[in-house]
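# Survey of secondary and tertiary structure
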Amino acid sequence: ATALTSVAIAQDNLNGLTVGFSQIGSESGWRAAETSVTKQQAEERGIDLKFADAQQKQENQIKAIRGFIAQGVDAIMVAPVVATGWDDVLTEAKEAEIPVILLDRGVDAPEDLYLTSVASDQIKEGRVAGQWLVDAVGDADCKVVELQGTVGSTPAINRKQGFEEALAGHDNLTIARSQTGDFTRSKGKEVMEGFIKAENGGADICAVYAHNDDMAVGAIQAIKDAGLKPGTDIKVVSIDAVPDIFAAMVAGEANATVELTPNMAGPAFDALSAYLADGTAPEKFIITESKLYTPADNPQGEYDTRKGLGY
Ligand code: GYE
């Protein structure tokens, strides 16, 4: 009976609380999905979610967090746009005794400044993408171009590192060019156009690795505009598993993606609930799964399922 009661309390104790959420912006389809799932998860639990869109700017995030502290919210969630520069504002939240939960990206700050971090293993994501390419290419020579995420963000740093780890020792694969596309479709297209120009009209490029699907979708457009076939002439591998990359797989224009769940808020609220119930300290790092999808994995079905989930 005691166990059942505490579960009931743990599930119910967020009802009526106020949680501030400092979101990065809406740079990608994945980000938009995370925003809508977070709002749904808050509503299901009776949480009053104060949502602040930072338009990609850390200074806006810091302002929003200071605003949440001033309002005396019960908890703060933040998706930190870049890794550095958080110590002061996180210390202010700690001094105000407001628990902070990081969503989907990490920070370079002392671990006692946040309750927990809910994110994927981004080094692993890079490794999974890289291993897929190593296997797909075999012994052939392959010049790879890389579209990096936002400079200074943990997913850009870690997805680069993991990919390089997977390619290490496979000297037939080389990363010929690497530049940021800021996780957006338009920048991904623009940077890919530059890569194509610099690499013999694209003829010398064997594969593009994009740190997210949106940049891959932009790159696919650039490849088509250059008169080449994405997915065939140039292999396309990326991360997120948003509906549009499955649509590209159905069209034969994308080869592989690594899934990133947009539901970071669910585990975050569960951890917060347990913590508020009896002071249970959650795991410092709650790690979501990183599953590989290729055109062999029913891309039409995956597209339909995700569309139904509110992406
Ligand atoms: O992969 C990308 C987004 O922070 C891990 O941010 C996240 C990344 C995600 O804009 O699409």
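Structure shown above.
Below is a summary of the structure that appears in this document. (Residues numbered from 1 in each chain as written. Predicted model: local features only at pLDDT ≥ 70, side-chain atom pairs only at ≥ 80, totals over all residues. Heavy atoms only, no water.)

### Side note on the overall build of the chain
Each helix and strand in the chain was counted, giving 11 helices and 12 strands. Its C-alpha radius of gyration of 21 Å places the chain within 12% of the 19 Å reference for a compact globule of 311 residues. Across its three principal directions, the C-alpha atoms of the chain cover 65 × 40 × 35 Å. Relative to its full complement of 311 residues, the chain shows a buried share of 53%. Looking at the chain alone, contacts between residues at least 24 apart form 75% of all its contacts between residues at least 6 apart. As displayed, the chain has an accessible area near 13,100 Å², and 49% of this comes from carbon and sulfur atoms. The centroid of the 26 positive side-chain charges in the chain is displaced by 5 Å from the centroid of its 47 negative side-chain charges. (Helix = DSSP H or I, 4+ residues; strand = E, 2+ residues; numbered from the N terminus. Rg over C-alpha atoms; globule rule 2.2 N^0.38 Å. Buried < 20%, exposed > 50% of the residue type's maximum accessible area, 1.4 Å probe, protein only. Contact = heavy atoms within 4.5 Å. Areas by Shrake-Rupley, 256 points an atom, 1.4 Å probe, with all protein chains shown as cover. Lys, Arg positive; Asp, Glu negative; His and termini not counted. Charge placed at Lys NZ, Arg CZ, Asp CG, Glu CD.)

### A look at the packing of helix H3 (residues 58-71) against helix H4 (residues 87-95)
Contact geometry for H3 and H4: axes closest at 10 Å, N-to-C directions at 10°. Here H4 runs roughly parallel to H3, going by the angle between their axes. Residues Ile 62, Ile 65, Arg 66 and Ile 69 of H3 form the contact with H4, whose own contacting residues are Asp 88, Val 89, Glu 92 and Ala 93. Looking at the contact of H3 with H4 residue by residue, the classes come out as 5 nonpolar, no polar and 3 charged. (Axes fitted to C-alpha atoms, helices over the stretch in contact; angles between N-to-C directions. Parallel < 35°, antiparallel > 145°, perpendicular 65-115°, else oblique. Nonpolar A, V, L, I, M, F, W, Y, C, P; charged D, E, K, R; others polar.)

### Things to note about the site of the ligand
Surveying the vicinity of the ligand reveals 13 residues, the closest of which are Glu 27, Asp 104, Arg 105, Arg 159 and Asp 240. Contact distances for the ligand include 2.6 Å between an oxygen atom and a side-chain N or O atom of Asp 240. For the ligand, whose accessible area on its own is 300 Å², the fraction buried by protein is 100%. Put simply, the parts of the chain that give the shell around the ligand at least two residues each are helix H2 (29-44) and helix H6 (154-167). Residues of the shell around the ligand, tallied by class, amount to 4 nonpolar, 3 polar and 6 charged. (Near = heavy atom within 4 Å. Polar contact = N/O pair within 3.5 Å; in protein donor to acceptor, adjacent residues only side chain to side chain.)

### Remarks on the sheet that holds strand S3 (residues 75-78)
Here we have 6 strands laid out as an open sheet, ordered S2-S1-S3-S4-S5-S11, and parallel in their pairing. Edge positions in the sheet fall to strand S2 (48-53) and strand S11 (285-288), since each of these pairs with one other strand and no more. The sheet shows a mean angle of 15° between the axes of neighbouring strands, direction not considered. Two elements, strand S4 (residues 100-103) and strand S5 (residues 116-120), share 3 bridges in a ladder whose sense is parallel. Within the sheet, the bridge partner assigned to Leu 103 lies in S5 and is Val 118. (Pairing = 2+ DSSP bridges.)

### Regarding the state of the cysteines
Applying the stated rule across the entire model yields 1 disulfide. What pairs with Cys 142 in a disulfide is Cys 206, and their sulfur atoms sit 1.9 Å apart. Disulfide Cys 142-Cys 206: torsion about the S-S bond near -85°, hence left-handed. On the criterion of sequence distance, the pair formed by Cys 142 in strand S6 (residues 142-148) and Cys 206 in the loop between helix H7 (185-198) and strand S8 (207-210) is long-range, its members being 64 residues apart. By the burial criterion, Cys 142 is buried, and Cys 206 matches it. (Disulfide = S-S within 2.5 Å.)

### Side note on the packing of aromatic side chains
The tally for this structure, following the rule as stated, stands at 3 aromatic pairs. With centroids separated by 5.7 Å and ring planes inclined at 65°, the aromatic side chains of Phe 21 and Phe 51 adopt a geometry described as edge-to-face. In this pair, Phe 21 sits in strand S1 (residues 18-23) while Phe 51 sits in strand S2, placing the two residues 30 residues apart along the sequence. Using a relative accessible area of 0% as the deciding quantity, one classes Phe 21 as buried. Judged by its relative accessible area of 31%, Phe 51 falls in the partly exposed class. Positioned over the ring face of Tyr 114 is Lys 284, at 5.2 Å from the centre of the ring. Over the aromatic face of Tyr 293 sits the side chain of Arg 306, whose NZ or CZ is 5.4 Å from the ring centroid. (Phe/Tyr/Trp six-rings, centres within 6.5 Å; stacked < 30°, edge-to-face > 60°. Lys NZ or Arg CZ within 6 Å of the ring centre and 35° of its normal.)

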